[in-house]
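Architecture at a glance
Here is what each chain is made of, one letter per residue.
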Amino acid sequence: MPSSRAARSRRTPLLGALLALGLLPGVLVLQAPPTSAAGRPRAVLEKVVIGHSVKGRRITAYHLGEPGAKKVVLISLMHGNEPAPRRILTNLVHGPRVHGIDLWVVPVYNPDGFARGTRRNARGVDLNRNYPYKWIRQTGNYDSGPRPRSEPETRAMMAFLKKVKPAYVLSFHQPLHAVDVTERPAFSRKVAKALGLPTSHLRCGSSCHGTMTMWFNHRFKGFALTVEYGAHPSRARLRSAPRRILGLFDAWRGHHAS
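First, a word on what this report is: a plain description of the structure on this page. (Residues numbered from 1 in each chain as written. Predicted model: local features only at pLDDT ≥ 70, side-chain atom pairs only at ≥ 80, totals over all residues. Heavy atoms only, no water.)

Concerning the overall build of the protein
Secondary structure summary: the protein contains 7 helices and 10 strands in total. Taking all 258 residues of the protein together, 47% fall into the buried category. In the protein, of all internal contacts separated by at least 6 residues, the share reaching a separation of at least 24 is 68%. Working note: accessible area of the protein is about 13,600 Å², and carbon and sulfur atoms make up 53% of it. (Helix = DSSP H or I, 4+ residues; strand = E, 2+ residues; numbered from the N terminus. Buried < 20%, exposed > 50% of the residue type's maximum accessible area, 1.4 Å probe, protein only. Contact = heavy atoms within 4.5 Å. Areas by Shrake-Rupley, 256 points an atom, 1.4 Å probe, with all protein chains shown as cover.)

Right, dumping it as structure tokens:
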């Protein structure tokens, strides 16, 4: 009789072949997302650390798509307790290659807040009240920090946006379930329709000072828009969002259109 070791050695190639062909019932074969030789997801052209948080955590931007096309930046987790839209951005990073757009994705803008599950950063500052345009000193839940751009996360994002100069920025939040149509209402309504969200004037009352979108829209020719999902968006809604967002800019994922 052949030894048990010899029998196992003959079975191993056969088992591998059956697994590869999916011919073993009841066996689930899990495949990791495709990666490049550099170890990054294949959709990613480059991975850039744009800065660090108060606690030293990296703030990472992923470059996708086709350089030279229309530049778009997507940002989520400016507030650490608004995690759902991050799934949209990570889906883009780990999915098929993107075409027809020069896309930058920042899935976790406030890594300290995300780690703690809090709106504000590690110093208790609301990053969306820390930008220099129309900044005022605020305290409490919307703490603006002691001065404009006092936080390293704010300075990192400002430098990044100045360098990239995108045509559009979509800043994803929760839980107001609406797209702001205060400025450029035609485009904003187009975004709302694509994502299945209602429209609203998100003026945020007397606390609406020093926001990222206000600063960007004052400083650059491009347009920054706030997109608010609800408190508990469905998985189906989040799964369909990457395709819908790309479609806004006539972009797509997968094989290049012929």
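Back to the text.
Regarding the environment of Arg203
By the element assignment, Arg203 lies in the loop between β8 (199-200) and α6 (212-219). Separated by 22 residues in the primary sequence, Arg203 and Val181 have C-alpha atoms spaced 9.8 Å apart. Setting aside residues up to four positions removed in sequence, Arg203 forms contacts with Thr182 and Cys208.

Focus on the packing of helix α5 (residues 185-195) against helix α7 (residues 235-248)
Put simply, α5 and α7 touch, their axes get as near as 9 Å, and they point 145° apart. As for how α5 packs across α7, the hand of that crossing is right-handed. Contacts from Lys190, Val191, Ala194 and Leu195 of α5 reach α7 at Arg237, Ala241, Arg244, Ile245 and Leu248. Residue composition of the contact of α5 with α7, grouped by class: 6 nonpolar, no polar and 3 charged. (Axes fitted to C-alpha atoms, helices over the stretch in contact; angles between N-to-C directions. Left-handed = near helix turned anticlockwise from the far one by under 90°. Nonpolar A, V, L, I, M, F, W, Y, C, P; charged D, E, K, R; others polar.)

Overview of the pairing of strand β1 (residues 44-52)
Of the pairings in the sheet, the one linking β1 to strand β2 (residues 58-65) comprises 7 bridges and is antiparallel in character. Opposite Val49, over in β2, you have Thr60 as the bridge partner. Here β1 folds back onto β2 in antiparallel fashion, the turn holding 5 residues, of which Gly56 has a positive phi close to 90°. (Pairing = 2+ DSSP bridges.)

Overview of the nonpolar core
Of all hydrophobic cores here, the largest spans 36 residues; its most connected members are Leu74 and Val227. Looking at this core, the elements that each hand over two or more residues are β2, β3 (71-75), α2 (86-94), β5 (102-106), β6 (168-173), α5, β9 (223-230) and α7. Ignoring any residue separated from it by four or fewer positions in sequence, one finds Leu74 in contact with Leu89, Leu92, Leu103, Trp104, Val105, Val106, Leu170, Phe172 and Ile245. Of all hydrophobic cores here, the second largest spans 23 residues; its members include Ala61, Tyr131, Val164 and Phe216. (Core = buried A, V, L, I, M, F, W, Y, C linked by side-chain atoms within 4.5 Å.)

Thoughts on the environment of Ser240
Following the sequence through the fold, Ser240 ends up in helix α7. In sequence terms Ser240 and Leu195 are 45 residues apart; their C-alpha atoms lie 8.4 Å from each other. A polar contact of 3.1 Å, which involves the side chain of Ser240, links it to the backbone oxygen of Arg237. (Polar contact = N/O pair within 3.5 Å; in protein donor to acceptor, adjacent residues only side chain to side chain.)

Considerations on the side chain of His173
Turning to its location among the elements, His173 is positioned in strand β6. Given the relative accessible area of 3%, His173 is considered buried. Of the polar contacts made by the side chain of His173, one reaches the side chain of Ser171; its length is 3.0 Å. Not counting the four nearest positions on each side in its chain, His173 is found in contact with Met78, His79, Glu82, Pro85, Asn128, Thr226, Val227, Glu228 and Tyr229.

Notes on α2
Buried residues of α2: Ile88, Leu89, Leu92 and Val93, and no others. Along the axis of α2, the buried positions cluster into a sector of 135°, meaning they face one direction only. (Arc of directions from axis to C-beta.)

Details of the packing of α2 against α7
Running from amino to carboxyl end, α2 crosses α7 at an angle of 55°, the nearest separation of the two axes being 9 Å. Put simply, α2 runs oblique to α7. As α2 packs across α7, the resulting crossing turns out to be right-handed. Each of Arg87, Ile88, Asn91 and Leu92 in α2 lies in contact with α7, whose residues at this interface are Arg235, Leu238, Ala241, Pro242, Ile245 and Leu246. Here the residues of the contact of α2 with α7 are counted per class, giving 7 nonpolar, 1 polar and 2 charged. (Parallel < 35°, antiparallel > 145°, perpendicular 65-115°, else oblique.)

Interpretation in functional terms is not warranted from these geometric data alone.
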